[in-house]
Amino acid sequence: MRDADSMARSAWADWPVDREIAFARVIDAPREVVFAAWADPDQIQAWFGPAGMAIETREIDLRPGGIWRFDMVAADGTRFDNRMRFLRIEPPALLEVEHGSDRDDDPGRFRMLVTFDEQSDGKTVLTLRQMHPSAAQRRAVIGFGAVEYGAQTLDKLARHVATHHAGKVGP
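Residues numbered from 1 in each chain as written. Predicted model: local features only at pLDDT ≥ 70, side-chain atom pairs only at ≥ 80, totals over all residues. Heavy atoms only, no water.

Section: the side chain of T124
With respect to the element layout, T124 can be found in strand β7 (residues 124-131). Accessibility expressed as a relative area gives 0% for T124, which makes it buried. Looking at T124, its side chain comes within polar contact range of the main-chain oxygen of P30, at 3.4 Å. Looking at T124, its side chain comes within polar contact range of the main-chain nitrogen of R31, at 2.8 Å. Contact partners of T124, with chain neighbours within four places excluded, come to R25, V26, I27, A29, P30, R31, V34, F116, D117 and E118. (Helix = DSSP H or I, 4+ residues; strand = E, 2+ residues; numbered from the N terminus. Buried < 20%, exposed > 50% of the residue type's maximum accessible area, 1.4 Å probe, protein only. Polar contact = N/O pair within 3.5 Å; in protein donor to acceptor, adjacent residues only side chain to side chain. Contact = heavy atoms within 4.5 Å.)

Overview of the side chain of T153
Its location among the elements puts T153 in helix α4 (residues 146-164). Look past the residues within four positions of T153 in its chain and what remains in contact with it is W47, F48, G49 and P50.

As for the sheet that holds strand β3 (residues 67-73)
The strand order β1-β7-β6-β5-β4-β3-β2 describes an open sheet built from seven strands, whose pairing is antiparallel. With partners counted over all chains shown, the strands left at the sheet margins are β1 (20-27) and β2 (54-60), one partner each. Going from strand to strand, the sheet's axes swing by 25° on average, the running direction of each strand aside. With eight bridges joining them, strand β6 (residues 110-118) and β7 adopt antiparallel strand pairing. (Pairing = 2+ DSSP bridges. Axes fitted to C-alpha atoms, helices over the stretch in contact; angles between N-to-C directions.)

Some thoughts on the packing of helix α1 (residues 31-39) against α4
Contact geometry for α1 and α4: axes closest at 10 Å, N-to-C directions at 115°. Handedness of the α1/α4 crossing: right-handed. Residues V33, V34, A37 and W38 of α1 pack against L154, L157, H160 and V161 of α4. Looking at the contact of α1 with α4 residue by residue, the classes come out as seven nonpolar, one polar and no charged. (Left-handed = near helix turned anticlockwise from the far one by under 90°. Nonpolar A, V, L, I, M, F, W, Y, C, P; charged D, E, K, R; others polar.)

Things to note about the pairing of β7
As paired strands, β1 and β7 are joined by eight bridges and run antiparallel to one another. The residue bridging A22 from the neighbouring strand is R129, located in β7. Linkage of β6 to β7, two consecutive antiparallel strands, is achieved through a turn of five residues, within which G122 is found at a positive phi near 90°.

A word on the environment of A151
Mapping A151 onto the fold places it in helix α4. The class of A151 is partly exposed, set by a relative accessible area of 36%. Here the alpha-carbon distance between A151 and S134, two residues 17 residues apart in the chain, equals 22 Å.

Digging into the packing of aromatic side chains
According to the stated counting rule, one finds eight aromatic pairs in the structure shown. When the centroid spacing of 5.0 Å and the interplanar angle of 70° are considered together, the rings of W38 and W47 count as edge-to-face. Seen in terms of ring centroids, F48 and F70 are 5.8 Å apart; in terms of plane orientation they differ by 85°. Their pairing is edge-to-face. Of this pair, F48 sits in the loop between α2 (41-47) and β2 while F70 sits in strand β3, and the two are 22 residues apart along the sequence. A network of ring pairs unites the aromatic residues W38, W47, F48, W68 and F70 as a single cluster. (Phe/Tyr/Trp six-rings, centres within 6.5 Å; stacked < 30°, edge-to-face > 60°.)

As for the environment of Y149
Among the structural elements, Y149 can be located in helix α4. On the basis of relative accessible area, Y149 is assigned to the partly exposed category, the value being 36%. Expressed as a C-alpha distance, the spacing of Y149 and P16, which sit 133 residues apart in the sequence, is 22 Å. Dropping the residues within four chain positions of it, Y149 is found in contact with P50 and F144.

Right, here's the structure in full:
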């Protein structure tokens, strides 16, 4: 039996896994195409959000420091205001944003990192990681369905890419 002092320190010891939600999806398209679906203002508005939600944009400036202010509108007319601030955009590898409601003092605002990795067969592995401000906030968003809604959003992205880039090579 080994004591705590002799055990190797885990590389995950300082990782705040109690604040993270992660998604991964393989999309049947080159990463440049998948990245463009996120980085092109016209495309992201066409597919973003859970099933049954429409996007109504008030402002969109997709560049580092830029803002996307939009409402997700449910079929019953319920509106959910959103704001994303783009922190990093490194084509075609990654996007980093802050995402929350459309208010300056949103205590639930979280970081989101989206990475795009191309497989040898030309498909893209998209990894989306959310880092919430606290473990309690993470539990709350999981409780209201954020994991299911995130999966629905990535399903919509895959369908968008399949219909808008079928038969095309490159973006």
